[in-house]
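Now for the letters of each chain:
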Amino acid sequence: MGLLGGADDLERFLTRSCYLSIGSGPACWALMIFLIGDGGWRFSFLLSAVLPLVAAYLGVRAKREIRTGMSATAFGLAFASVPLMLGLAYLEGA
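All of these numbers come straight from a predicted model, not from anything done at the bench. (Residues numbered from 1 in each chain as written. Predicted model: local features only at pLDDT ≥ 70, side-chain atom pairs only at ≥ 80, totals over all residues. Heavy atoms only, no water.)

1. Structural notes on the packing of aromatic side chains
For any pair of aromatic rings, the description consists of the separation of the ring centres together with the inter-plane angle of the planes. Under the convention used in this document: Only rings of Phe, Tyr and Trp enter the pairing, Trp through its six-membered ring, and a pair is recorded when the two centres are within 6.5 Å. The plane angle decides the type: under 30 degrees is stacked, over 60 is edge-to-face, the rest tilted. Put simply, DSSP marks the helices as runs of H or I at least four residues long and the strands as runs of E at least two long, and each gets a number from the N terminus on.
Scanning all chains against the criterion turns up one aromatic pair. When the ring of Phe 75 is compared with that of Phe 79, the centres are 6.1 Å apart and the planes differ by 20°; the resulting orientation is stacked. Placement of both Phe 75 and Phe 79 in helix α3 (residues 68–93) is noted, with a separation of four residues, approximately one turn of the helix.

See below:
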């Protein structure tokens with residue numbers, strides 16, 4: 001089970017997934033602030049504030065409890081939050 005580099009070590013997978021889910025928080029918040037300044041407030045931006053926090057919590061908890069499924073879920077939430085937020089913002093604007 002590798003992630004970004006083909007490492008087959010469980011500890012590396014959990015660590016990288018945890019760091020990527022934690023790093024998604026500041027990235028989503030910066031994007032949210034930029035989009036609020038550019039186009040105004042939208043309710044879909046709440047996803048950008050909430051989903052990265054949930055992903056970070058799941059990532060840290062999965063690393064602590066050594067759960068690969070929870071770690072993959074955290075990575076998936078962190079990865080999918082930006083496209084989901086932008087898609088909902090597009091639908092709100094239409």
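2. Some remarks on the side chain of Ser 48
Put simply, the rule is: Buried means the residue's accessible area, taken with a 1.4 Å probe over protein chains only, is under 20% of the maximum for its type, while exposed means over 50%, and partly exposed covers the values in between. Whenever two N or O atoms come within 3.5 Å, that pair is a polar contact, provided that in protein one can donate a hydrogen and the other can accept it, and provided that, for residues adjacent in sequence, both atoms are side-chain atoms. Contact definition: two residues touch when any of their heavy atoms are within 4.5 Å.
Examined against the element boundaries, Ser 48 turns out to sit in helix α2 (residues 45–65). Ser 48 sits in the buried class, given a relative accessible area of 1%. Polar contacts involving the side chain of Ser 48 include one to the main-chain carbonyl oxygen of Cys 28, which spans 2.8 Å. Not counting residues up to four positions away in its chain, the partners in contact with Ser 48 are Cys 28, Trp 29, Met 32 and Met 85.

3. Some thoughts on the environment of Ser 81
For Ser 81, the position within the fold is in helix α3. According to the relative accessible area criterion, Ser 81 is buried, its value standing at 1%. A C-alpha to C-alpha distance of 9.9 Å links Ser 81 and Gly 25, two positions 56 residues apart in sequence. Contacts of Ser 81, omitting those with residues within four sequence positions, involve Cys 28, Leu 51 and Pro 52. Polar side-chain contacts of Ser 81 include one of 3.2 Å to the backbone oxygen of Ala 78.

4. Quick look at the packing of α2 against α3
Put simply, the test is: Between N-to-C directions, angles span 0 to 180 degrees; the directions come from axes that are lines fitted to C-alpha atoms, helices contributing only their stretch in contact. For classification, angles of less than 35 degrees are called roughly parallel, those exceeding 145 degrees roughly antiparallel, those between 65 and 115 degrees roughly perpendicular, and all remaining angles oblique. Under the convention adopted here, Pro, Cys and the residues Ala, Val, Leu, Ile, Met, Phe, Trp and Tyr are nonpolar, Asp, Glu, Lys and Arg are charged, and Gly plus all remaining residues are polar.
Between α2 and α3, the shortest axis-to-axis distance is 8 Å and the interhelical angle comes to 175°. With respect to α3, the axis of α2 lies roughly antiparallel. Touching Phe 45, Leu 47, Ser 48, Leu 51, Pro 52, Val 54, Ala 55, Leu 58, Gly 59, Arg 61 and Ala 62 of α2 are Met 70, Ser 71, Thr 73, Ala 74, Leu 77, Ala 78, Ser 81, Leu 84, Met 85, Leu 88 and Ala 89, all from α3. A per-class count over the contact of α2 with α3 returns 16 nonpolar, five polar and one charged.

5. Here we look at the packing of helix α1 (residues 10–39) against α3
We apply this condition: Should the near helix be turned counterclockwise from the far one by less than a right angle, the crossing is left-handed, whereas a clockwise turn marks it as right-handed.
One way to put it is that α1 packs onto α3 with a least axis distance of 9 Å and a crossing angle of 20°. On the basis of the axis angle, α1 is roughly parallel to α3. Regarding α1 and α3, the two cross each other, and that crossing is left-handed. Counted together, Leu 10, Phe 13, Leu 14, Ser 17, Leu 20, Ser 21, Ser 24, Cys 28, Leu 31 and Leu 35 of α1 and Thr 68, Ser 71, Ala 72, Ala 74, Phe 75, Ala 78, Ser 81, Val 82, Met 85 and Leu 86 of α3 form the full contact between these two elements. Considering only residue class, the contact of α1 with α3 consists of 14 nonpolar, six polar and no charged.

Everything listed is a geometric property; what it means functionally is a separate question.
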